[in-house]
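Fold and contact review
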Amino acid sequence: MAIITYREALNQALSEEIEHDENVVLMGEEVAQFKGSYKVSEGMLEKYGPDRIIDTPISEAAFSGLAVGAAMMGMRPVVEFMFWSFCYVAFDQIFNNAASIRYMSGGLINIPIVFRGPANGGTNVGATHSHTPENFAANTPGLKVICPSTPADAKGMLKSAIRDNDPVCVMENTILYNMKDEVSEDSDLLIPLGKAKVVHEGSDLSIIAHGKSVHTSLEVAKILEEKHKVSVEVLDLRSIRPLDVEAILKTVKKTNRVLLVEENKPFCGVDSQIAFMIQDQAFDYLDAPIKRVSAIDVPQAYSKALESAQIPDQKRVLAKAMELI
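To keep things clear, this report deals only with the structure shown in the data block. Being a predicted model, the structure only gives us computed values, none of them experimental. (Residues numbered from 1 in each chain as written. Predicted model: local features only at pLDDT ≥ 70, side-chain atom pairs only at ≥ 80, totals over all residues. Heavy atoms only, no water.)

Observations regarding the sheet that holds strand β6 (residues 144–146)
Within the open sheet, the seven strands sit side by side as β3-β2-β4-β5-β7-β6-β12. Their pairing is mixed. Across the chains shown, the open sheet's two edge strands, defined by having one partner strand only, are β3 (53–55) and β12 (239–241). In this sheet, neighbouring strand axes are inclined to one another by 20° on average, regardless of whether the strands run parallel or antiparallel. Two elements, strand β2 (residues 24–28) and strand β4 (residues 76–80), share five bridges in a ladder whose sense is parallel. (Pairing = 2+ DSSP bridges. Helix = DSSP H or I, 4+ residues; strand = E, 2+ residues; numbered from the N terminus. Axes fitted to C-alpha atoms, helices over the stretch in contact; angles between N-to-C directions.)

Concerning the packing of helix α8 (residues 245–255) against helix α9 (residues 270–281)
Look at α8 against α9: their axes get within 10 Å of each other, and the N-to-C directions meet at 60°. By the angle class used here, α8 and α9 are oblique. Considering the relative orientation of α8 and α9, their crossing is right-handed. Two secondary-structure elements touch here, α8 through Val245, Ile248, Leu249 and Val252 and α9 through Ile274, Met277, Ile278 and Gln281. Here the contact of α8 with α9 is built from residues that sort into seven nonpolar, one polar and no charged. (Parallel < 35°, antiparallel > 145°, perpendicular 65-115°, else oblique. Left-handed = near helix turned anticlockwise from the far one by under 90°. Contact = heavy atoms within 4.5 Å. Nonpolar A, V, L, I, M, F, W, Y, C, P; charged D, E, K, R; others polar.)

A look at the packing of aromatic side chains
Counted according to the given criterion, the structure contains nine aromatic pairs. Between Phe83 and Phe86, the aromatic rings sit 5.4 Å apart at their centres with planes inclined by 70°, giving edge-to-face as the arrangement. Classification of Phe83 as buried rests on a relative accessible area of 13%. Residue Phe86 is classed as buried on the basis of its relative accessible area of 18%. Ring geometry for Phe91 against Phe95: centres 4.2 Å apart, planes inclined by 20°, an arrangement best described as stacked. Of this pair, Phe91 and Phe95 are both found in helix α4 (residues 91–104), four residues apart, which corresponds to roughly one turn of the helix. Three or more aromatic residues joined by ring pairs form one cluster here, namely Tyr6, Tyr38, Phe83, Phe86 and Tyr177. Geometry around Phe34 places Lys39 over its ring, the cationic atom sitting 3.8 Å from the centre. (Phe/Tyr/Trp six-rings, centres within 6.5 Å; stacked < 30°, edge-to-face > 60°. Buried < 20%, exposed > 50% of the residue type's maximum accessible area, 1.4 Å probe, protein only. Lys NZ or Arg CZ within 6 Å of the ring centre and 35° of its normal.)

Dropping the structure here:
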């Protein structure tokens with residue numbers, strides 16, 4: 001085990017998979033000579049050369065389409081978006097083509113491709129650079145969606161995504177890039193997609209979250225336990241699609257109260273689907289209504305003060321949890 005940052009864990013995963021499979025390539029804007037906009041690919045151009053670490057023009061539609069074609073021909077491209085907000089420029093290539101080709105070919109053509117990059121607000125870069133489109137991607141049959149919240153998950157889940165034969169959207173959070181934690185140095189570390197993880201055991205209230213919201217939820221769990229003697233269970237979804245419904249229902253049946261936390265917008269958000277599943281399959285276990293804390297339903301503000309108020313923080317999550325208990 002080694003203590004490394006989330007950014008370094010992504011770098012390790014990419015490096016190990018490039019060494020593991022000659023068909024894996026990394027492409028995107030500034031991933032080579034500039035070492036990536038967030039320095040995730042630092043040192044990789046020097047180590048693997050321009051045929052494996054490929055700088056692309058500033059055209060998400062072009063290089064995403066190129067990657068889909070390469071995947072159809074047996075390559076395993078990893079596409080880095082400077083921001084997931086820019087995926088809308090390549091909407092046809094990702095949501096229409098990559099997601100549909102395996103089905104439309106009757107299973108004859110796989111699309112082993114990874115689209116990855118930051119999908120978060122909170123960095124004061126304005127509405128067009130701050131989307132959290134995991135709900136868009138998860139709504140599309142054929143796409144898998146993951147949101148690792150720790151360095152270990154970032155490494156193990158990215159490696160699994162690269163080896164997967166379907167398109168996988170890896171939604172990262174720039175605020176987590178400098179987070180440090182223990183990560184296995186085992187090059188065979190693979191964390192399966194579609195498996196949630198209980199990151200804090202509890203018995204009175206379940207908080208279900210993904211991405212950075214997991215850390216906000218853990219802070220609230222600590223406050224509730226220390227100040228109010230409330231035992232809180234925190235479930236990290238890790239994977240949005242496939243979704244670990246079994247783990248969700250298990251924690252709800254255990255605590256009988258549930259709070260859903262996400263930085264996604266509330267209307268048609270990920271937690272809308274989860275709330276439906278809970279009331280549909282575990283209604284009799286609920287001792288209180290399902291509660292949600294999401295980003296406020298307006299375009300992301302540029303102002304730091306306004307944006308901080310938009311995104312679920314400790315204060316908002318704690319207040320909603322207190323309503324439940």
